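Listed here are the chains, written in short residue letters.
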Amino acid sequence: MLPAFEHDDFFTGRCILVNGPVIVGAGPSGLAVGAGLKQQGVPFVILERANCIASLWQNRTYDRLKLHLPKQFCELPYYPFPENFPEYPTKHQFINYLESYARKFDIEPKFNESVQSAKYDESCGLWRVKTVSKDNSTTEYICRWLVVASGENAEKVVPEFEGLHEFEGNVIHACDYKTGGIYRGKRVLVVGCGNSGMEVCLDLCHHQASPSMVVRSSVHVLPREIFGKSTFELAVSLMKWIPIWLVDKILLAAARLILGNIEKYGLKRPTMGPLELKNCEGKTPVLDIGTLSRIRSGVELVNGEILDVDSIILATGYSSNVPSWLKENEFFSKDGFPISPFPNSWKGKAGIYAVGFTRRGLSGASLDAIKVAQDIGKIWKKETKQKNHCVGVSCYRKPKP
Ligand SMILES: Cc1cc2nc3c(=O)[nH]c(=O)nc-3n(C[C@H](O)[C@H](O)[C@H](O)COP(=O)(O)OP(=O)(O)OC[C@H]3O[C@@H](n4cnc5c(N)ncnc54)[C@H](O)[C@@H]3O)c2cc1C
Ligand SMILES: NC(=O)C1=CN([C@@H]2O[C@H](COP(=O)(O)OP(=O)(O)OC[C@H]3O[C@@H](n4cnc5c(N)ncnc54)[C@H](OP(=O)(O)O)[C@@H]3O)[C@@H](O)[C@H]2O)C=CC1
Ligand SMILES: O=C(O)C(=O)Cc1c[nH]c2ccccc12
């Protein structure tokens, strides 16, 4: 049955019926679901607001970025990284991999289509997904399944603070920072001490700028490696055997041994351990790739002082944008993340799915993608078989004798 149009919902653009799921976002999550569906012969449409795949990686990250988890935790399903990739691939290597991933599975997202709203139409049991493109034309996609893969980092968080509007220097968000060339010899205030803030500071140091970092609350900094083994890998192995709080204790002891007492640089540690904090609140620990040694080599601690700076970089994080377009309140909460925690966050009612919202980076996204593609594939095949059977019956004509 085709959807009934409501009075208050008058729509003038194109209308496209999709025989399969609509996937919102062509980042690693959307591509991984696409690959799983392609393998089963299930048709789908990926809607992407940018003009390329993985726009977070291509357009909103700095040049020097490398994956900070070892490569085995960052591969997408069904297609491994090339063998010559280093332990921590560069962003360019990762982007090349994603491009070949899309090519391998013949995934062609619809670019420049930003999803403005998605609503379940109970009258026909279908999702109605409206997009607007660059030329302002609108399209409505109608489908049985909706896969939300728009990312945990869809929008930048830009805080308001006193004096920001009067400040005459240059203010950017970390997502617009590429390299420190233009900051040579300048005093730069970096607001935020997550992985972005830390790595932007390090890059500024490499470019002979003088960064100061605002540390609002507390942060766990861990060495990226512990005795030659990736901290993340070590944590994952330990968690199979011992409780998470004990793993945290071990990580913190190792961090103390390797990094020393970081509190003396003004970096207070949260009371909860690093992995528990990541699990409970989604706050990612900083994996140090050299910033700490720069702090040691001489950054002053400023507290309540007035700082004279030339530029500001807001490394204040990101948010999901799902609440701005998804008209639904059972599966996603107001913060733009699924209400049910991992591992039950991938499937909702009425054909809605979420991929890449478990705060477990690329490995979490891959796990979601496999489950979602399998689930949709199973239902799609069953329904398609039934439909074909029906069509077969209705088209049957008794041959003339
Ligand atoms: C600087 C940085 C470094 C990171 N490094 C690592 C790492 O080393 N290892 C790791 O595991 N994770 C890392 N992450 C986490 C990151 O979330 C994942 O790497 C990955 O990008 C998540 O993929 P995704 O497809 O879920 O989201 P995204 O990559 O954000 O892709 C979502 C896509 O959806 C599109 N979109 C959003 N809203 C709409 C809309 N309304 N309509 C249409 N399209 C829309 C976006 O344009 C985007 O292309 C990093 C994150 C950042 C910010
Ligand atoms: N190499 C890599 O792989 C990298 C990975 N990433 C990943 O990208 C994701 C996003 O990281 P990131 O961009 O660092 O964001 P985060 O959300 O991790 O960190 C944001 C930081 O900004 C601070 N902050 C927010 N608002 C304010 C404010 N108004 N005043 C002062 N401080 C403020 C936060 O402080 P508070 O804690 O007090 O809220 C926090 O320190 C993470 O998952 C991270 O791991 C990022 C960079 C590199
Ligand atoms: O980089 C990110 O955003 C990630 O979410 C990767 C990640 C998942 N679990 C972690 C635990 C410690 C450090 C990074 C991660």
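Our subject is the structure that appears above.
Quick caveat: nothing in here was measured; it's all calculated off a predicted structure.

Quick word on the site of ligand 3
- Contacts to ligand 3 come from H68, L69, F232, K278, T284, P285, R360 and G361.
- Separating an oxygen atom of ligand 3 from a backbone N or O atom of G361 is a distance of 3.3 Å.
- Summarising the interface, the protein chains cover 79% of the accessible area of ligand 3, which totals 350 Å² for the free molecule.
- Across the shell around ligand 3, the residue classes tally to three nonpolar, three polar and two charged.

Some remarks on the site of ligand 2
- Around ligand 2 lies a shell of 20 residues, among which N195, S196, R216, S217 and K283 are the nearest.
- Contact distances for ligand 2 include 3.0 Å between an oxygen atom and a side-chain N or O atom of N195.
- Protein contacts shield 77% of the accessible area of ligand 2, which totals 920 Å² for the unbound molecule.
- The element contributing the most residues to the shell around ligand 2 is helix α4 (residues 195-206), with three residues.

Concerning the packing of aromatic side chains
- Within the structure shown, the criterion is met by 18 aromatic pairs.
- Joined through ring pairs, the aromatic side chains of W57, Y78, Y79, F81, F85, F94, Y97, Y101 and F105 make up one cluster.
- The ring of Y88 has R224 lying over it, and the distance from NZ or CZ to the ring centre is 3.7 Å.

Concerning the sheet that holds strand β4 (residues 113-121)
- Sheet architecture is open: five strands sit in the order β1-β6-β5-β4-β18, paired in mixed fashion. The open sheet terminates on both sides in strands that have one partner only, identified here as β1 (14-17) and β18 (326-327).
- Relative to strand β5 (residues 126-133), β4 runs antiparallel, the two being bridged by eight bridges. In the sheet register, S114 faces β5, and the bridge partner there is V132.

As for the packing of helix α1 (residues 28-39) against helix α3 (residues 91-104)
- One can describe the packing of α1 onto α3 by two numbers: an axis separation of 10 Å at closest approach and a directional angle of 30 degrees. With respect to α3, the element α1 is oriented roughly parallel. Crossing handedness for the pair α1 and α3: left-handed. Between α1, through P28, L31, A32 and A35, and α3, the contact on the second element is made entirely by F94, L98, Y101 and A102.
- Of the residues in the contact of α1 with α3, the class split is eight nonpolar, no polar and no charged.

A closer look at the nonpolar core
- With 74 residues, the main nonpolar core has L204, V221 and I313 as its most contacted residues.
- Residues in contact with L204, not counting those within four places in the same chain, are Y177, G180, Y183, V188, V190, A209, P211 and I313.

Description of the sheet that holds strand β16 (residues 311-314)
- Taken together, the four strands give an open sheet; going across it, the order is β9-β16-β10-β11, and neighbouring strands pair in parallel fashion. Whereas interior strands pair on both sides, the edge strands pair on one side only; in this sheet they are β9 (170-173) and β11 (210-214). Neighbour-to-neighbour, the strand axes of the sheet open up by a mean angle of 20 degrees, direction not taken into account.
- Relative to β16, β9 runs parallel, the two being bridged by four bridges. Looking at the pairing, N170 lines up with S311 of β16.
- Lying on the sheet, α4 is in contact with β10 (187-191), β11 and β16; it crosses β11 at an angle near 165 degrees.

Thresholds, definitions, all that
Residues numbered from 1 in each chain as written. Chains lettered and ligands numbered in written order. Predicted model: local features only at pLDDT ≥ 70, side-chain atom pairs only at ≥ 80, totals over all residues. Heavy atoms only, no water. Near = heavy atom within 4 Å. Polar contact = N/O pair within 3.5 Å; in protein donor to acceptor, adjacent residues only side chain to side chain. Areas by Shrake-Rupley, 256 points an atom, 1.4 Å probe, with all protein chains shown as cover. Nonpolar A, V, L, I, M, F, W, Y, C, P; charged D, E, K, R; others polar. Helix = DSSP H or I, 4+ residues; strand = E, 2+ residues; numbered from the N terminus. Phe/Tyr/Trp six-rings, centres within 6.5 Å; stacked < 30°, edge-to-face > 60°. Lys NZ or Arg CZ within 6 Å of the ring centre and 35° of its normal. Pairing = 2+ DSSP bridges. Axes fitted to C-alpha atoms, helices over the stretch in contact; angles between N-to-C directions. Parallel < 35°, antiparallel > 145°, perpendicular 65-115°, else oblique. Left-handed = near helix turned anticlockwise from the far one by under 90°. Contact = heavy atoms within 4.5 Å. Core = buried A, V, L, I, M, F, W, Y, C linked by side-chain atoms within 4.5 Å. Buried < 20%, exposed > 50% of the residue type's maximum accessible area, 1.4 Å probe, protein only.

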